[in-house]
Amino acid sequence: MFVAGFLSMFVLRAVAADAVTEQDATQAALAASCPPAYARSLDETARKAAITTLFERSEGEIKSGHFAAAAAAFACVEVLSAGSTDWRIDYELTRRRGVLAYYQEQIVESLKLFERALGIASNHGDALAEAKSWKNVGSALRRLGDFRRALEALLKSLDIYRRAGIDTIGPVLNNIADVYRDLQEPAQARKYYDEALAAYRRQGDALEEAHTLESLSVLALDDGEAERAEALLQEAMTLYTNGGAQPHRLRVYAGLARAAAARRDAVAAAQWSERGLALAAELGVQPPAPLVLQAAAAERLRGKPAEAATQLRQALAQLATDDAERPALLDELARSEEAAGDLPAALSSLREFQQADLARRKAAYDSELRWLRTRFETAERDRTIAALAAENDLRALTIRQRTTVLWLTAAASATGLLALTLLLYRRRQRARLAEVAHAARLAEAVEQHRRAAADLVFDRRLLQAALDSRHDAVLVLDAAGMIVAASGDACRLLGRSHAAVVGRPFAEALAPDAAAAFAAAFERLEESQAAERLEASVAGAPDRLALHLAPAEQDPDLVIVGLRQADAVVESAAPPTLDVAPGTGEADAQGGFRRALVELMLAVVEAWERSTGLGRLELAEKSRIWRVTVDDGRLRARAMDRYLSLARLPSLPRWRDVLRSGYFVLAECELDEPQRADLQRRVDAVLAYTRLRALV
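Being a predicted model, the structure only gives us computed values, none of them experimental. (Residues numbered from 1 in each chain as written. Predicted model: local features only at pLDDT ≥ 70, side-chain atom pairs only at ≥ 80, totals over all residues. Heavy atoms only, no water.)

Draft legend 1. Main features of the pairing of strand 1 (residues 474-477). Of the two faces of strand 1, the one carrying Val474 and Val476 and the one carrying Leu475 and Leu477 are both buried. As paired elements, strand 1 and strand 5 (residues 559-565) share four bridges and run antiparallel to each other. The partner of valine 476 across the bridge, within strand 5, is isoleucine 560. Hairpin geometry of strand 1 and strand 2 (residues 483-486) is characterised by an intervening segment of five residues between the two adjacent antiparallel strands and by a positive phi of about 85° at glycine 481. (Buried < 20%, exposed > 50% of the residue type's maximum accessible area, 1.4 Å probe, protein only. Helix = DSSP H or I, 4+ residues; strand = E, 2+ residues; numbered from the N terminus. Pairing = 2+ DSSP bridges.)

Right, here's the structure in full:
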């Protein structure tokens, strides 16, 4: 005991002096047993120096796979920071524990820690700490398969870094590229990988630059560009060699062997594999599974399946049963045994491959299920806490009321008049309690309706991100003719900045006569869903533009407008399209769905007119959902009127706008209970059809 305590104290003194020599996992574990009494004896400067050094050491331990040593370092930090008022230590300790859980494949646990660290940073208004935590949250969400939320988190992190003028954005850009690669969008992935590569080169971070080159080589191989992949890997090999990062070269050798195999060059594939295996032997480390896989495949292609099978069996013996690389090695082992003529062994390996692959998929599914269960339990816990708080408030109010009633009863027991007064008072109190409870329920329902209406609006950031990658002039309009997104070329043709275009009616950018022609074409497009072409003059400019209007394929609520100079040569007559998100499925053309839409719209108009005393035009103007036009000198809401008759209902109805109209009236109008219940029932009927057809 004395020796252990002495060694612990020795390690702590060395850390505090920032002069700790290299320690193995055992020495780092000793640091975790920091004696509290000795930790309290340190002054504030020595304590902070010790914590900083332990954080730096833990980062190296995590990357080298010494997870127990990293956990021990965190335990020591917790002892050293006891009683500290510096929130940054708590933030960094929480975040780094999340990183440790992430490397240990405990993704759900890491996400909880990252979100807790984000809350600490947000509470103290530290934007840079928030950006770092958003990046961590995005990485964890990507591993859990929630690519949409992962992309949102990473874009928030990138936005904070850029607004702060910080150039160390390579890791964030690289993570965004990884998300796009998982989404099977190689063009977007390549764009962000290139930006990350440029950022790393500006910082002089050669190792991260080499990692990004490896990722680009994988994209090249997936696209069948084996020669480009080899060039990228050769560049990464040079960076690793110059930087002394010898273990990383093993991955590059595996990639070069794969690229050679893709070119059907078995000799080159074998040479690269042999070099990688020789380097692993020189470093005294176990060859990584991808390198063994490529080496075995090369041996099999060279007509040596027995040697390939031997290599694979040796590698499999070193892997854990739940290792993610195990299925790929078993698959190649089955191929090699089949090529060697050992069919029973090949069949056995194939069965083992299927079991390992099934186990891997089940583990991923279980991880995602745990995360979903955690989200559900968190939401239920918050709801229960809110309900209990409301119940406690109501109980406290009831207790106060009963106390008052008893006091008044005792004071007025002598006279019947006071008793009658007390009875009337109690009735009024009960009515007030009922009104308060009703108002609370109504306020909660109104807020839910507003959130539901907001959820039906298309994500404008995703629209703009899609247009930023284009090199043609394209605008995206909503059903009211407002510009919700614009490409750079479109802004230049209109002679306006991006900020002056987005969020304004498109008709304002046109000359008066052109605006009238555009309004007519826009009206025809709503009725027929067929593309429209016209020429128009830009306000304040002599040039004329050729416009091509077409409904968005993914969402009938959006209109895509292609712009070009009226005298420009058109290479293709294809209408402008926009790929922003997976499609919502085919519109439900069955009679039940269409009748439900018309019945809902009729109920919306009736509820609006009865509660406000205003007409349909005021509903269209105040909700900003339906476009109001001038027809023969009169204001009309023709688009909305088509949804009041089954015979005039468009073939591809804008069901989102109908639902948003329902939510608007439910949230903004004072309705009696029967009318509110009837309108909610019709909204639910439309939602049932959309869920049945996977529209939402």
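Draft legend 2. Molecular detail of the nonpolar core. Within the largest apolar cluster, 76 residues are counted, with the highest numbers of intra-cluster contacts made by Val77, Leu80 and Ile176. With sequence-adjacent residues up to four places away left out, valine 77 is seen in contact with Ile51, Leu54, Phe55, Ile89 and Leu93. One finds Met601, Ala603, Tyr663 and Leu671 within the second-largest nonpolar core, a separate group that totals 34 residues. (Core = buried A, V, L, I, M, F, W, Y, C linked by side-chain atoms within 4.5 Å. Contact = heavy atoms within 4.5 Å.)

Draft legend 3. Structural context of the packing of helix 8 (residues 127-143) against helix 10 (residues 170-182). In the contact formed by helix 8 and helix 10, the axes pass within 10 Å of each other and the chain directions differ by 20°. On the basis of the axis angle, helix 8 is roughly parallel to helix 10. The handedness of the crossing between helix 8 and helix 10 is left-handed. Note on element contacts: helix 10 touches helix 8 through Pro171, Val172, Asn175, Asp178, Val179 and Asp182, opposite Lys135, Ser139 and Arg142. Here the contact of helix 8 with helix 10 is composed, by residue class, of three nonpolar, two polar and four charged. (Axes fitted to C-alpha atoms, helices over the stretch in contact; angles between N-to-C directions. Parallel < 35°, antiparallel > 145°, perpendicular 65-115°, else oblique. Left-handed = near helix turned anticlockwise from the far one by under 90°. Nonpolar A, V, L, I, M, F, W, Y, C, P; charged D, E, K, R; others polar.)

Draft legend 4. Expanded view of the packing of aromatic side chains. Enumeration over the complete set of coordinates arrives at eight aromatic pairs. Between tryptophan 87 and tyrosine 91, the ring centres sit 6.3 Å apart and the planes meet at 65°, which makes this aromatic pair edge-to-face. On the criterion of helical spacing, the pair formed by tryptophan 87 and tyrosine 91 is a turn pair, its members being four residues apart in helix 6 (residues 87-103). The buried category is assigned to tyrosine 91, whose relative accessible area is 3%. The aromatic ring of tyrosine 102 is capped on one face by arginine 143, whose charged end is 5.5 Å from the ring centroid. If you follow arginine 275 out to its NZ or CZ, it ends over the ring of tryptophan 272, 4.8 Å from the centre. (Phe/Tyr/Trp six-rings, centres within 6.5 Å; stacked < 30°, edge-to-face > 60°. Lys NZ or Arg CZ within 6 Å of the ring centre and 35° of its normal.)

Draft legend 5. Spotlight on helix 12 (residues 206-222). A rise of 1.5 Å per residue sets the reference length of helix 12, with its 17 residues, at 24 Å; its end C-alpha atoms lie 25 Å apart and thus fit the reference within 8%. All buried positions along helix 12 are accounted for by Glu209, Ala210, Thr212, Leu213, Glu214, Ser215, Leu216, Ser217, Leu219, Ala220 and Leu221. As for helix 12, its buried residues are in contact with helix 10, helix 11 (186-203), helix 13 (226-242) and helix 14 (246-262). A positive backbone phi angle near 80° is found at glycine 224, which sits one or two residues after helix 12. (Expected span 1.5 Å × (residues − 1).)

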